[in-house]
Amino acid sequence: MAILDSSLLDPTTLLVGGVLSLSMLWWLSTRRPSGLPPGPGPALPVIGHLHLLSSDPRATFRAWRRQYGDVFSLYMGGRLVVVLNGLPVIKEALVKMADVFSHRPHMFTSDRISESKGLVFSSGSVWKENRKTALEILRELGMGKNVLAENIKEEITHYIRAIEEHKGAPLDLSELTTVSISNNICGIIFGKRFEYDDPLFLEYLNTVNQNLKFLNGTAAVNFLPFLDKLPGDLFNVKKVLNNVKFVEDSLLLSQVEGHQKVHSEHAEPDFIHSYLRQLNKQRDSGKDTSLSERDLVKTTGDLFLAGTETTSTTIAWALLFFLHHPEVQDKCYKELCDVIGTGRLPSMQDKPEMTYLEATTMEVLRKGEIAPFAVQHSTPHDVTFQGYVIPQDAVILPNLDSVLLDKETWGDPDNFRPERFIGLDGKIVKPEGFIPFSIGRRVCLGESLARMELFLYLSTLIQRFRFLPPEQETLPPLEGVMGITYCPKSYKIRAIPRE
Ligand code: HEM
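Residues numbered from 1 in each chain as written. Predicted model: local features only at pLDDT ≥ 70, side-chain atom pairs only at ≥ 80, totals over all residues. Heavy atoms only, no water.

Caption draft 1: Spatial organisation of the site of the ligand. In the vicinity of the ligand lie 26 residues, with Arg 104, Arg 131, Ser 438, Arg 442 and Cys 444 positioned nearest. For the ligand, an oxygen atom lies 2.7 Å from a polar atom in the side chain of Arg 131. Only helix H6 (124–140) and helix H13 (293–324) provide two or more residues apiece to the shell around the ligand. Classifying every residue of the shell around the ligand by side-chain character gives 16 nonpolar, seven polar and three charged. (Near = heavy atom within 4 Å. Polar contact = N/O pair within 3.5 Å; in protein donor to acceptor, adjacent residues only side chain to side chain. Helix = DSSP H or I, 4+ residues; strand = E, 2+ residues; numbered from the N terminus. Nonpolar A, V, L, I, M, F, W, Y, C, P; charged D, E, K, R; others polar.)

Caption draft 2: Broad picture of the pattern of salt bridges. For the structure shown, the criterion picks out 28 salt bridges. One salt bridge in this structure joins Asp 393 and Arg 79, with 3.1 Å as the shortest N-O distance. Of this pair, Asp 393 sits in the loop between strand E4 (388–390) and strand E5 (395–398) while Arg 79 sits in strand E2 (residues 79–84), and the two are 314 residues apart along the sequence. Between Glu 447 and Arg 451 there is a salt bridge; the shortest N-O distance is 3.2 Å. Here the residue Glu 447 and the residue Arg 451 both occupy positions in helix H18 (residues 447–464), the gap between them amounting to four residues, near one helical turn. We classify Arg 451 as buried; its relative accessible area is 18%. Connected through salt bridges with shared partners, the residues Glu 363, Arg 366, Asp 412, Arg 417 and Arg 420 form a single ionic network. (Salt bridge = Lys/Arg side-chain N within 4 Å of Asp/Glu carboxyl O. Buried < 20%, exposed > 50% of the residue type's maximum accessible area, 1.4 Å probe, protein only.)

Caption draft 3: Expanded view of the packing of helix H7 (residues 146–164) against H18. Packing of H7 against H18 leaves a shortest axis separation of 10 Å and a crossing angle of 40°. One way to sum up the angle between H7 and H18 is to call them oblique. Considering how the two elements wind past one another, H7 and H18 form a crossing that is right-handed. Where H7 abuts H18, its residues Leu 148, Ala 149, Ile 152, Lys 153, Glu 155, Ile 156, Tyr 159, Ile 160 and Ile 163 lie against Leu 449, Met 452, Glu 453, Leu 456, Tyr 457, Thr 460, Leu 461 and Arg 464. (Axes fitted to C-alpha atoms, helices over the stretch in contact; angles between N-to-C directions. Parallel < 35°, antiparallel > 145°, perpendicular 65-115°, else oblique. Left-handed = near helix turned anticlockwise from the far one by under 90°. Contact = heavy atoms within 4.5 Å.)

Caption draft 4: Structural context of helix H15 (residues 355–368). The end-to-end C-alpha distance of H15 is 19 Å, a good match for the 20 Å that 14 residues give at a rise of 1.5 Å each. The buried fraction of H15 is high, at 13 of 14 residues. Immediately downstream of H15, the backbone of Glu 369 shows phi near 25°, a positive value. (Expected span 1.5 Å × (residues − 1).)

Caption draft 5: The arrangement of the state of the cysteines in detail. On inspection of all chains with the given rule, the structure shows zero disulfides. No disulfide involves Cys 186; its sulfur sits 17 Å from that of Cys 444, the nearest cysteine. Judged by its relative accessible area of 0%, Cys 186 falls in the buried class. Left unpaired, Cys 332 is separated from the closest cysteine sulfur, that of Cys 337, by 11 Å. The class for Cys 332 is buried, based on a relative accessible area of 1%. (Disulfide = S-S within 2.5 Å.)

Caption draft 6: Just H6, in detail. Between its first and last C-alpha atoms H6 spans 24 Å; for 17 residues at 1.5 Å apiece the expected length is 24 Å, and the two agree. For H6, the complete set of buried residues consists of Trp 127, Glu 129, Asn 130, Arg 131, Thr 133, Ala 134, Leu 135, Ile 137 and Leu 138. Where H6 is buried, its residues touch helix H8 (174–190), helix H12 (271–284) and H13. Gly 142 sits one or two residues past H6 and shows a positive phi near 100°.

Caption draft 7: Layout of the sheet that holds E2. Strands sit in the order E1-E2-E5 across an open sheet of three strands; the sheet is mixed. Every interior strand has two partners, whereas the edge strands, strand E1 (71–76) and E5, have only one. Looking at each pair of strands side by side, their axes are set apart by 25° on average, direction ignored. Judged from the six bridges that link them, E1 and E2 form a sheet pairing that is antiparallel. Within the sheet, the bridge partner assigned to Phe 72 lies in E2 and is Val 83. Here helix H3 (residues 87–96) sits on the sheet and contacts E1, E2 and E5; the angle it forms with E2, its principal contact strand, is near 115°. (Pairing = 2+ DSSP bridges.)

Below you can see the structure in the form of structure tokens.
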């Protein structure tokens, strides 16, 4: 008796059987294990749900929120990503359950860049001690206080002079703004500013900029790590790591070593000297410490990047909104003339009187939403949340877009309307859903510096210039590009000096 019926060996049966077995294997390997938050149907082998996402996934996430609720999940490559939506859910995770939701996930590129040290990509005790130390030092150096405001005002005078040199001709202001804003953070961490045409400084900023442009490639490798094994450097990971090493060795490390050579109790205060002082104090006391020279290098790098890109992107959005809403620009100018006039530079003491500019800045931060998914979070162990199981090291995205552009909170979220932040009594109203800096223990560490910069830069820009489109009839599109921040597509503007 034949063990196998010969009809089972015919090619059609084999093909059908093969396809069925493969489908079964695929289904078993990609079905969402029970307990996970719901989400889009079966993940494809290797890529998961990546094929359903564009480079700007906000619209897709809005649709999935409607379909699956405030907590949904998807696979990016083989990696589980949990998206948190709406203020109550984000608050429950990042504030009420901050102990578990304040970690960062291990990712291919960020692990290599940060070595899990410093501020932005570290977790646990390393992050806690570095964040606490950084905050103490920044406060000591005057973050949110007058000393720092005076330095920023000094920097702004260079910036205004550089813009004036263009005599109202159309220009892309982004490079000048980035260089100037970066000088503020350089003043804080290194105790020095750079000239706008300093070739080495421009090379650092261009290198950082190049890395931001390579972000899509490195993001692909984050979710599909096997891509890094392909020959060559198709996804620019090696270039990115080389760029990081260049900035680290020639700027950050050389600054730290330079500071170490002249370090004393009485050295001019800046971030590096203060950190070294704190590090020595911990070591002298014999206490266990997570602070280290390597963490100092990584922390200065984090502050350099976070302190440059974010505020300059917000200024770029503000000027673009001015072009699209000249009536808002005019109202800001009128308020400025009423409160300050044109005879002196704006200072922080003027801020409480400048309600309309404050409301406009808040509206730029809301509508521009430069960090729509904050920075990725994760949990150090499995956790039950909102009735679902979130496994250890899943990538957690606090979807700030679901709050900043939420219809229920704002009524008309898509309109640019600064008045929404002004109450009937003429004072600033800050709805709980205004969270462009995120919330919880990982909330932006530079918020008060950013707010100070935004006030001083925007008020001085409005005082000195009228901003017009490059040509009278054509407005640059109000469109952004998703990178490390959501920033406007590059555009030109005319900065016409006010008489
Ligand atoms: C308008 C400007 C800015 C916006 C909208 C912004 C927004 C954010 C957001 C959304 C996060 C992620 C929070 C989270 O993980 O949940 C963040 C983190 C961070 N920001 Fe900012 N930021 C701005 C300016 C700055 C500046 C000027 C600095 C420089 C001191 C800075 C330093 C940081 C750091 C160090 C972190 C990481 C904090 C941590 O992981 O503990 N930011 N920021």
